[in-house]
Amino acid sequence: MVQTSICGDPDILGDFIAPAGVPINGSFFTFTGMREWVGQTGSPSYFQYLRASKDEFPALDGLSVSTILLGFRPGDVSPPHVHPRASELLLVVQGNLLVGFVDTNNKLYTSRLQTGDMFVFPKGLIHFQLNEDTENPAFSISSLGSASPGLILVPNNLFNTSATIDDRVMALSFKTNVSTIHLLEKALSTPYN
């Protein structure tokens with residue numbers, strides 16, 4: 001017997017979800033957490049992102065939308081990752097990015113984007129962004145089709161989880177040896193910055 005599951009934001013019964021005891025006025029629907037980045041022209045000090053999902057901006061709960069601002073130093077990468085509950089529409093607002101995703105047939109789709117270009121990453125597929133420029137930063141804005149898109153950083157989830165996957169399983173899976181797995185675990189024990 002085959003069973004299919006579909007996951008996404010639930011349909012809400014009203015115009016929006018209002019938490020109990022929170023005053024509902026224009027301020028409830030306003031998020032100011034992106035101000036520090038808007039108009040930034042210098043290079044970020046490390047790969048950084050600012051997120052506005054329902055956790056940071058409760059008015060998004062049930063509305064099937066969120067956003068992320070991404071800042072890339074020269075040569076920075078947003079490592080392979082997955083948003084299990086959302087497709088992502090990325091707009092480059094400064095610089096150039098190499099972007100891509102791998103579909104379920106193991107086919108890679110890539111594109112080199114310039115300022116003003118957009119690219120869509122389908123929901124649940126592994127994808128990445130890379131600033132290939134070694135001298136200039138890049139900035140992008142991503143819109144996601146969920147108020148809670150989720151984030152699975154593939155390298156971290158495989159090599160730096162709280163309960164590490166057995167080294168033998170990793171070595172066999174990656175067709176290498178345990179000492180190489182230890183090197184990867186050590187390298188990934190520090191954040192991407």
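All residue numbers refer to position in the chain's written sequence, counted from 1. In keeping with the predicted nature of the model, local features appear solely for residues at pLDDT of at least 70, side-chain atom pairs appear and are counted solely at 80 or more, and the whole-chain, interface and lining totals rest on all residues. The basis for every side-chain value is the complete set of heavy atoms in the structure, and neither hydrogens nor water enter the calculation.

### Considerations on the UniProt feature "binding site: oxalate" (unreviewed entry) in the protein chain
Basically, it comes down to this: UniProt positions are given in the numbering used here, feature names are shortened, and annotations may be inferred rather than shown by experiment. Only DSSP runs of H or I covering at least 4 residues are called helices, and only runs of E covering at least 2 are called strands; the numbering of each starts at the N terminus. Three exposure classes are used, based on accessible area relative to the maximum for each residue type with a 1.4 Å probe and protein chains only: buried under 20%, partly exposed in between, and exposed over 50%. The contact rule is simple, with two residues in contact once any of their heavy atoms fall within 4.5 Å. Think of a polar contact as two N or O atoms within 3.5 Å of one another; within protein, one of them needs to be a possible hydrogen donor and the other a possible acceptor, and neighboring residues in sequence only count if both atoms come from side chains.
In the numbering adopted here, UniProt assigns the feature "binding site: oxalate" (unreviewed entry) to H83 and E88. Tracing the backbone through its elements, the reader meets H83 in the loop between β3 (77-82) and β4 (88-94). Judged by relative accessible area, which is 5%, H83 ranks as buried. Its place among the elements puts E88 in strand β4. Beyond its immediate chain neighbours, meaning those up to four positions away, E88 contacts H81, H83, F119, V120, F121, H127, Q129, S142, S143 and L144. Polar contacts involving the side chain of E88 include one to the side chain of H83, which spans 3.1 Å.

### With respect to the nonpolar core
We apply this condition: We define a nonpolar core as any set of buried Ala, Val, Leu, Ile, Met, Phe, Trp, Tyr and Cys residues linked to one another through side-chain atoms lying within 4.5 Å.
Core analysis: the biggest nonpolar cluster contains 16 residues, and L90, L97 and V99 have the highest contact counts within it. Residue assignment for this core shows that the elements contributing at least two residues are β2 (66-72), β4, β5 (97-102), β7 (118-121) and β9 (138-144). Not counting the four nearest positions on each side in its chain, V99 is found in contact with L90, Y109, T110, S111, L113, F119, F121, F128 and Q129.

### Topic: the pattern of salt bridges
Inclusion rule: Each reported salt bridge corresponds to a side-chain nitrogen of Lys or Arg within 4 Å of a carboxyl oxygen of Asp or Glu.
Counted according to the given criterion, the structure contains 5 salt bridges. A salt bridge links E132 to R112; its shortest N-O distance comes to 2.9 Å. Taken together, the positions of E132 in the loop between β8 (126-130) and β9 and R112 in strand β6 (residues 108-113) put the pair 20 residues apart, joining distant regions of the chain. With relative accessibility at 58%, the residue R112 sits in the exposed group.

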